[in-house]
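# Tertiary structure, described
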Amino acid sequence: MKLQRNGRSKALAIGAMALVSSLSLAACGSDENNNNAASGTSGAAPAAINCGTKPAALLSAGSTAQGTAIDVLKTNFSAACKDSSVNYGGGGSGAGVQQFNQGKIQFAGSDSALKPAEVEDSKKVCTGGQGINLPLVAGLVSIVYNVDGVDNLVLDGPTIAKIFDSQIAKWNDPAIAALNPGAKLPDADIQAVHRTDDSGTTENLTKYFAKVSGGAWSYPPAKAWAGKGGQGANGSAGVAAQVKQVKNSISYAELAYAQTNNLKSAAISTGASKPVEATAANAATTFAKAKIAGTGSDLALTLDYATKDEGAYPLVLVTYEIVCDKGNKADTLDALKSFLSYGISDAGQKAIGEKGYVPLPKELTDKVNAVIPTLA
């Protein structure tokens with residue numbers, strides 16, 4: 001099922017920070033007397049948040065790529081819904097899915113959709129149902145670097161793959177020089193940094209390699225790092241901090257972490273007429289053509305990592321909130337629906353958009369909004 005790129009989606013791609021229309025929040029079994037106004041701590045305009053009738057403390061964990069987004073959403077949600085809270089533990093996508101399937105948390109954040117075996121495991125805790133993927137936070141994987149005198153680095157898929165597999169070891173390698181004519185590339189060793197935890201960001205990066213590296217990346221896409229050499233760090237914050245501290249280094253992290261740490265991001269040569277910058281607007285162009293791969297209430301997406309469209313940044317990711325379609329805990333279900341409804345609303349998407357994330361197209365937010373009230 002294709003998300004049609006109509007006029008509204010095009011407008012989103014041009015101005016990713018401007019959301020295209022107002023979405024109604026799902027009722028989630030709440031009454032009007034319990035609605036409050038959020039403080040808008042993210043800088044977004046105050047938003048009406050439907051708090052529900054059963055306040056609860058939600059436990060969650062997973063993707064570090066969405067960490068900043070969840071911080072914004074949970075702060076606004078808790079400010080509006082005084083008796084509810086969201087505790088997000090991070091830990092990486094792999095850890096989040098594992099904790100969800102152990103019944104320890106109400107939802108998990110994962111930068112990759114549940115695999116068939118993980119869906120089967122989820123049936124043990126989702127009584128009468130199973131885990132499903134609800135896209136909530138969209139972003140892009142920025143190739144961050146710290147090289148003195150190099151401000152506008154351009155790389156392509158094969159070159160990035162070879163760098164992270166130690167096949168290219170010097171910054172002035174001919175492959176990098178060919179993509180950066182006139183740049184003063186140092187005769188220095190490349191310090192490549194990768195994630196040590198099981199990471200959906202790593203899986204998205206390696207899915208990109210599988211599509212565009214021309215065989216330079218010989219490993220299957222996975223959450224666990226498989227490349228040769230390099231240094232390891234834990235979480236998106238960890239790799240970003242490492243690049244900030246280490247000269248001649250390079251890594252990959254969600255754009256929000258690049259911005260928070262004032263790191264430079266490489267443009268990617270995709271085969272379009274000019275290299276594509278790592279911006280939310282360029283990522284929105286790619287999301288506008290995403291396809292739904294899931295069935296029923298599962299909204300897993302297929303992303304085109306090999307896009308050559310003008311202005312389409314190829315290295316994108318979407319973080320799914322993993323929830324039970326049926327079998328959620330009765331005492332936290334109402335609060336879970338309320339939080340997800342706020343997160344996917346115009347106000348929620350605008351709030352995280354101000355932190356470097358990419359507001360999802362309305363065609364997709366409408367679909368998520370339709371699923372949330374059906375959770376049981």
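To keep things clear, this report deals only with the structure shown in the data block. All values derive from a computational prediction rather than experimental measurement.

### As for the nonpolar core
- Residues I143, L155, F164, I176, I250 and F339 are the most contacted members of the largest nonpolar core, which totals 108 residues.
- In terms of residue count, the dominant contributor to this core is strand β6 (residues 131-146) (ten residues).

### What to know about the packing of aromatic side chains
- This structure, assessed with the given rule, holds nine aromatic pairs.
- Seen from their ring centres, F164 and W225 are 6.0 Å apart, and the 75 degrees between their planes marks the pair as edge-to-face. In this pair, F164 sits in helix α5 (residues 157-164) while W225 sits in the loop between α7 (200-212) and β9 (231-233), placing the two residues 61 residues apart along the sequence.
- Overall, W225 belongs to the buried group, its relative accessible area being 16%.
- Summarising the aromatic geometry, the rings of W217 and Y219 are spaced 4.9 Å apart at their centres and angled 75 degrees between planes, so their arrangement reads as edge-to-face.
- Under the relative-accessibility criterion, W217 is labelled buried at 6%.
- Residue Y219 is classed as buried on the basis of its relative accessible area of 17%.

### Brief notes about the state of the cysteines
- Applying the stated criterion to the full structure yields two disulfides.
- One disulfide bridge connects C51 with C81, the sulfur atoms lying 2.0 Å from each other. The chirality of the disulfide connecting C51 with C81 is left-handed, given an S-S dihedral of about -85 degrees. Here C51, found in the loop between β2 (48-49) and β3 (57-62), pairs with C81, found in the loop between α2 (67-80) and β4 (85-91); they are 30 residues apart in sequence, far enough to count as distant.
- Judged by relative accessible area, C51 falls into the buried class, the value being 5%.
- Note on C81: relative accessible area 4%, which makes it buried.
- One disulfide bridge connects C126 with C324, the sulfur atoms lying 2.0 Å from each other. Measuring handedness by torsion sign, the sulfur bridge of C126 and C324 sits at about -70 degrees and is left-handed. Of this pair, C126 sits in the loop between α4 (116-122) and β6 while C324 sits in strand β15 (residues 316-324), and the two are 198 residues apart along the sequence. As far as the burial class goes, C126 and C324 line up, both buried.
- In the protein, the bonded cysteines, taken in the order they occur along the sequence, pair up as 1-2, 3-4.

How each quantity is defined
- Residues numbered from 1 in each chain as written.
- Predicted model: local features only at pLDDT ≥ 70, side-chain atom pairs only at ≥ 80, totals over all residues.
- Heavy atoms only, no water.
- Core = buried A, V, L, I, M, F, W, Y, C linked by side-chain atoms within 4.5 Å.
- Buried < 20%, exposed > 50% of the residue type's maximum accessible area, 1.4 Å probe, protein only.
- Helix = DSSP H or I, 4+ residues; strand = E, 2+ residues; numbered from the N terminus.
- Phe/Tyr/Trp six-rings, centres within 6.5 Å; stacked < 30°, edge-to-face > 60°.
- Disulfide = S-S within 2.5 Å.

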